[in-house]
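Commentary on secondary and tertiary structure
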Amino acid sequence: MGFFSTVLGFFGFGVGLTLGLGIGYYIFIYFQPSDVKHPVIRPLVELDTKSLENMLPEIPLWIKNPDFDRIDWLNKFIETMWPYLDKAICKMAKEIAKPIIAESTAKYKIDSVEFETLTLGSLPPTFQGMKVYTTDEQELIMEPSVKWAGNPNITVLVKAYGLKATAQVIDLQVFALPRITLKPLVPSFPCFAKILVSLMEKPHVDFGLKLLGADLMAIPGLYGFVQETIKTQVANMYLWPKVLEVQIMDPAKAQKKPVGILYVNVVRAVKLTKKDLLGKSDPYVKLKLTEDKLPSKKTSVKRSNLNPEWNEEFKLVVKDPESQALELTIYDWEQVGKHDRIGMNVIPLKDLTPDETKYVTLNLLKSMDANDPANEKFRGQLTIDVTYKPFKEGDSDIETTDESGVIEKAPDGTPEGGGLLVVIVHEAQDVEGKHHTNPYARILFKGEERKTKHIKKNRDPRWEQEFGFVCEEPPINEKMQVEVISRPSSLGIHSKESLGYIVISLADVINNKRINEKYHLIDSKNGRIQLELQWRTS
């Protein structure tokens with residue numbers, strides 16, 4: 001019986017195992033749980049920002065926000081330049097910290113605070129992206145997203161009450177969104193006069209602080225307190241619209257703004273050289289200041305006269321009396337053909353005594369080359385009286401200040417009740433000629449004409465040129481015409497082309513002191529021109 005029981009038990013186990021495996025396989029294959037769903041596959045472009053951040057927490061800012069541009073090239077540049085930038089930034093930081101440290105040491109009766117070591121380490125900051133804003137003002141605004149996990153070594157030695165203490169900052173992390181403004185933009189390298197820095201949000205700052213070799217950040221509660229204090233203090237000082245201002249250069253010198261007026265009275269000329277076939281000349285005088293791109297001023301023409309008298313007065317705006325000179329040239333007027341030059345001479349402004357009238361008789365020369373033997377020939381003499389009147393102290397002070405800019409006062413000597421009308425031609429956009437596009441701007445005001453330089457083959461020319469008009473009275477009822485003209489190339493067969501013009505009523509300029517606007521050009525499909533006009537009074 002025992003044998004049969006063993007055989008039957010073994011047989012029953014085998015049958016039961018076989019049936020169990022078969023039933024289990026059938027259930028696994030043919031019965032699916034109702035709560036299990038197949039995953040939905042979606043393209044990344046269809047996911048919202050929150051879903052993407054959950055999947056990829058370190059998405060670059062230029063992907064999350066289309067206003068930010070990708071600037072990998074800048075990160076590569078900084079990585080290469082970092083050893084040099086490190087030294088330059090540390091030097092600037094010491095200079096900025098000097099007055100702050102001096103004020104703090106006096107306030108808290110500390111003997112001294114010195115940097116024992118100051119280096120930003122070998123790891124440069126990285127820029128996740130950058131916004132760039134363009135405005136109608138002479139400025140460039142940037143908002144970079146900065147992340148810096150660095151290894152600086154900043155050690156400060158503090159001496160007070162006969163004791164010494166060393167504090168060391170290590171393992172610094174800074175995440176910030178600053179706004180960097182370069183203004184005003186000027187035509188002298190590095191092409192901006194100031195750097196203005198603001199923070200658009202509270203920065204994230206994390207660091208280790210060792211005092212006498214011990215890590216203070218390990219003290220319970222101190223870490224969070226220090227972080228929050230730093231965020232609050234930095235935000236109070238530099239959170240927009242508050243700014244940190246770093247002066248790069250004197251903007252007045254960089255832009256070479258007017259510093260005075262030169263009054264010139266062209267009196268007479270005597271014994272001029274005969275240029276006409278009949279033994280006469282038709283002389284007139286052109287006068288201008290060197291280093292000035294404004295057109296020359298002219299006297300009237302005296303017909304058939306070798307000893308002409310003019311007694312005509314002119315006013316020239318002076319920007320640099322140390323380097324500029326008054327250039328006077330006498331020409332023989334011709335009805336047809338080129339006007340012949342009779343002679344010329346110059347008067348350096350540095351030779352003039354301010355506010356004193358100087359009477360000068362100049363021998364006319366063929367050229368200003370001292371080695372030119374032709375200068376020995378007598379060509380006649382020119383008599384003028386000239387007075388340089390610089391700004392008095394305070395004349396260049398700011399008269400009005402607002403968000404749009406500043407207005408300077410007119411120079412001393414401006415006619416009473418009048419002023420100086422300043423026109424700054426910034427740029428034009430989308431101008432195009434039928435046969436050529438070599439644009440320059442021409443200003444017409446009360447019979448006077450000013451021209452900018454011409455720029456070859458450019459639909460978006462930038463001139464940044466300034467012109468001044470001295471007015472006896474406010475031109476409140478006057479109008480000014482500005483025209484963009486294309487000049488043909490020297491080998492071209494086509495003539496000049498007008499690319500559009502505008503007519504500006506000056507009443508708004510006189511009333512508001514300053515306007516800076518873009519105007520749509522008349523007779524142009526899409527052309528625009530940006531002008532800034534200022535009315536400066538004494």
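Here, every reference points to the structure presented above.
Keep in mind the model is a prediction, meaning the values are calculated, not measured.

Remarks on the overall build of the chain
A count of helical and extended segments in the chain gives 7 helices and 28 strands. Long-range pairs, those at least 24 residues apart, make up 65% of the contacts in the chain with a sequence separation of at least 6. Surface accessibility of the chain: about 32,800 Å² in total, with carbon and sulfur atoms responsible for 56%.

A few points about the side chain of threonine 383
Within the secondary structure layout, threonine 383 lies in strand E18 (residues 381–390). Threonine 383 gets classed as buried once you look at its relative accessible area, which sits at 18%. Polar side-chain contacts of threonine 383 include one of 3.2 Å to the side chain of threonine 361. The contact partners of threonine 383, leaving out residues within four places of it in the chain, are Asn265, Val266, Val267, Arg268, Val360 and Thr361.

Thoughts on the sheet that holds strand E26 (residues 497–505)
What the 4 strands build is an open sheet, ordered E23-E22-E25-E26; its pairing is antiparallel. A single partner strand is all that each edge strand has here, and the edge strands are strand E23 (448–451) and E26. Across this sheet, the average inter-strand angle for adjacent strands is 20 degrees, counted without regard to direction.

Describing the pairing of strand E6 (residues 178–185)
Inspection of the sheet shows strand E3 (residues 140–149) paired to E6 by 3 bridges, in the antiparallel sense. Paired with isoleucine 141 across the bridge in E6 is threonine 181.

Thoughts on the packing of aromatic side chains
The full count for this structure, using the stated rule, is 3 aromatic pairs. Each ring, one from phenylalanine 445 and one from phenylalanine 469, has its centre 5.3 Å from the other, and the planes form 75 degrees; the classification is edge-to-face. Here phenylalanine 469 lies in strand E24 (residues 462–471) and phenylalanine 445 lies in strand E22 (residues 439–445), a separation of 24 residues in the sequence. The residues phenylalanine 445 and phenylalanine 469 share a single accessibility class, namely buried. Of note, arginine 303 hangs over the ring of tryptophan 333, and the distance from its end group to the ring centre comes to 3.9 Å. Directly above the aromatic system of tyrosine 263 lies the positively charged group of lysine 389, at a separation of 5.5 Å from the ring centroid.

Structural notes on the nonpolar core
Formed by 29 residues in total, the largest nonpolar core has its most connected members in Leu421, Val425, Met480, Ile529, Leu531 and Leu533. Where this core is concerned, the elements lending two or more residues are strand E21 (419–429), E22, E24, strand E25 (479–486), E26, helix H7 (507–512), strand E27 (514–520) and strand E28 (528–536). The contacts of leucine 421, once residues within four sequence positions are left out, are Phe445, Phe467, Gly468, Phe469, Cys471, Met480, Leu506, Val509, Gln534 and Trp535. Grouped together as the second largest cluster of nonpolar side chains are 27 residues, Leu328, Ile342, Leu364 and Val386 included.

So, a nonpolar patch on the surface
Among the surface-exposed residues, Met92, Ile96 and Ile100 lie close enough to one another that they form a single nonpolar patch of about 260 Å² accessible area. Within the element layout of this structure, isoleucine 96 appears in helix H4 (residues 72–108). Classification of isoleucine 96 by relative accessible area gives partly exposed; the value is 36%.

So, the sheet that holds strand E13 (residues 297–298)
Spatially, 4 strands are ordered E13-E12-E15-E16 in an open sheet, and the strand pairing comes out antiparallel. The open sheet terminates on both sides in strands that have one partner only, identified here as E13 and strand E16 (340–348). Alignment of strand E12 (residues 283–289) against E13, held across 2 bridges, turns out to be antiparallel. Bridged to leucine 287 within E13 is lysine 297.

Each value, and the rule that gives it
- Residues numbered from 1 in each chain as written.
- Predicted model: local features only at pLDDT ≥ 70, side-chain atom pairs only at ≥ 80, totals over all residues.
- Heavy atoms only, no water.
- Helix = DSSP H or I, 4+ residues; strand = E, 2+ residues; numbered from the N terminus.
- Contact = heavy atoms within 4.5 Å.
- Areas by Shrake-Rupley, 256 points an atom, 1.4 Å probe, with all protein chains shown as cover.
- Buried < 20%, exposed > 50% of the residue type's maximum accessible area, 1.4 Å probe, protein only.
- Polar contact = N/O pair within 3.5 Å; in protein donor to acceptor, adjacent residues only side chain to side chain.
- Pairing = 2+ DSSP bridges.
- Axes fitted to C-alpha atoms, helices over the stretch in contact; angles between N-to-C directions.
- Phe/Tyr/Trp six-rings, centres within 6.5 Å; stacked < 30°, edge-to-face > 60°.
- Lys NZ or Arg CZ within 6 Å of the ring centre and 35° of its normal.
- Core = buried A, V, L, I, M, F, W, Y, C linked by side-chain atoms within 4.5 Å.
- Patch = residues over 30% accessible without salt bridge, like charges linked within 9 Å, V, L, I, M, F, W, Y side chains within 5 Å.
- Salt bridge = Lys/Arg side-chain N within 4 Å of Asp/Glu carboxyl O.

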